[in-house]
Amino acid sequence: MKKTMKLIIAIMVGIFMVACGNKSEEKVTKIFVGTNAEFAPFEYLEDGKTVGFDMDLIAAISKEIGVEMEIKDMSFDGLLPALQANKVDMIIAGMTATEERKKAVNFSEAYYKANQVIITTEDAKDIPNFEGLKGKKVGVILGFTGDIIASEIDGVDVKKYNAGYASIMDLKAGKIDAVVLDGEPAKNFVKNNKGIKITSAEGEKEEYAMAVSKDNTQLLEDINTALAKLKEDGTYDELLKKWF
Ligand code: ARG
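Conventions we followed
Residues numbered from 1 in each chain as written. Predicted model: local features only at pLDDT ≥ 70, side-chain atom pairs only at ≥ 80, totals over all residues. Heavy atoms only, no water. Helix = DSSP H or I, 4+ residues; strand = E, 2+ residues; numbered from the N terminus. Buried < 20%, exposed > 50% of the residue type's maximum accessible area, 1.4 Å probe, protein only. Contact = heavy atoms within 4.5 Å. Areas by Shrake-Rupley, 256 points an atom, 1.4 Å probe, with all protein chains shown as cover. Pairing = 2+ DSSP bridges. Near = heavy atom within 4 Å. Polar contact = N/O pair within 3.5 Å; in protein donor to acceptor, adjacent residues only side chain to side chain. Axes fitted to C-alpha atoms, helices over the stretch in contact; angles between N-to-C directions. Parallel < 35°, antiparallel > 145°, perpendicular 65-115°, else oblique. Expected span 1.5 Å × (residues − 1). Arc of directions from axis to C-beta. Patch = residues over 30% accessible without salt bridge, like charges linked within 9 Å, V, L, I, M, F, W, Y side chains within 5 Å. Salt bridge = Lys/Arg side-chain N within 4 Å of Asp/Glu carboxyl O. Lys, Arg positive; Asp, Glu negative; His and termini not counted. Charge placed at Lys NZ, Arg CZ, Asp CG, Glu CD.

Undergrad: Could you give me a rundown of the overall build of the protein, with the residues and numbers involved?
TA: When helices and strands are tallied, the protein shows nine helices and 14 strands. Projected onto its principal axes, the C-alpha coordinates of the protein cover approximately 85 × 45 × 35 Å. Scored against the burial criterion, the 244 residues of the protein give a buried share of 43%. By sequence separation, contacts in the protein at least 24 residues apart represent 69% of the contacts at least 6 residues apart. Summed over its atoms, the accessible surface of the protein is roughly 13600 Å², and 54% of this surface lies on carbon and sulfur atoms.

Quick look at the structure:
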């Protein structure tokens, strides 16, 4: 009896191992892409669809790689945990490749140079640098690099928001003195809202890259090859022209 049990278990383990083995050799046909579609013009919702520079770029990249893709929209601070839990295969979200994040995930080659800027109301006294935020109430978006930068300056009264839009509303209502945000989304808010401006402060430079889990080196390689190709054949420049 015991022997038959052992045999059955051995066979089942064998079947399981073969099944797993086959699976890992199967060619990937679809990738799940995490984003946070509250970051125009990189990613935002239009008629329930995620659109923007990043969305066009990842569509072109997956076409180049020869895989289908599906966008998973979630909160920005949920993106890295989702990637590490394999709920998504990669992230494209205007995400800055910071040293801290590099400890947790791998980043592709950079695809966009960005900077952090300060937004104030139009009539506010100019804030010529980030040190000028001292003693001020400053809105940031939870987990964005702007949050990290503002929180590191001593004496800044940081107020964290879940989305850029809410911080801009509070700025216009006089509840906060400034907002620290990435340059392009900031320009977008200034364009669509009366009474606010970007100050003369020299922006803090950073680079956006796509994130892939540390053990998925194949996907990282495929992404980088595709990105290089799109830069070479003019597709990337066309997308820049379309969105900026
Ligand atoms: N570049 C900033 C960062 O990495 C903000 C990115 C926000 N992106 C978004 N899709 N909400 O922290």
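Undergrad: Quick rundown of the sheet that holds strand β3 (residues 43-46)? Include the residues and the values.
TA: Spatially, three strands are ordered β2-β3-β4 in an open sheet, and the strand pairing comes out antiparallel. Two strands lie at the open edges of the sheet, namely β2 (38-39) and β4 (49-51), each paired on one side alone. Here β2 pairs with β3 via two bridges, running antiparallel. Of the residues in β3, the one forming a bridge with E38 is Y44.

Undergrad: Tell me about the site of the ligand, residues and numbers included.
TA: Around the ligand there are 15 residues in total, and N36, A93, T96, R101 and D182 lie nearest to it. Residue E43 places a side-chain N or O atom 3.0 Å away from a nitrogen atom belonging to the ligand. For the ligand, a nitrogen atom lies 2.8 Å from a polar atom in the side chain of T96. Taken by itself the ligand offers 350 Å² of open surface, and the protein chains cover 100% of this.

Undergrad: Talk me through the packing of helix α2 (residues 53-65) against helix α8 (residues 217-232); I want residue IDs and the actual numbers.
TA: Interhelical geometry of α2 versus α8 gives an angle of 110° and a closest axis separation of 9 Å. When the interaxial angle is binned, α2 and α8 end up roughly perpendicular. Every residue of α8 that contacts α2 at L57, A60, I61, E64 and I65 is listed here: L219, D222, I223, A226, L227, K229 and L230.

Undergrad: Pulling in residues and values, what's your account of the environment of I153?
TA: Within the element layout of this structure, I153 appears in the loop between α5 (145-152) and β10 (157-161). A C-alpha to C-alpha distance of 38 Å links I153 and E238, two positions 85 residues apart in sequence. Residue contacts for I153: discarding those within four places in its chain leaves F130, E131, L133 and K134.

Undergrad: Explain α8 to me, and be specific about the residues and the numbers.
TA: Between its terminal C-alpha atoms α8 stretches 23 Å, which fits the 22 Å expected from 16 residues at 1.5 Å a residue. Taken residue by residue, α8 has L219, L220, I223, A226, L227 and L230 as its buried positions. Buried positions in α8, seen along its axis, are confined to an arc of 135° and lie on one side of it. In α8, the exposed positions angled more than 90 degrees off the buried face are occupied by E221, T225 and E232.

Undergrad: Account for a negative patch on the surface, with residues named and values stated.
TA: A cluster of acidic residues, E232, D233, D237 and E238, forms a negative patch on the protein surface. On the secondary structure map, E232 appears in helix α8.

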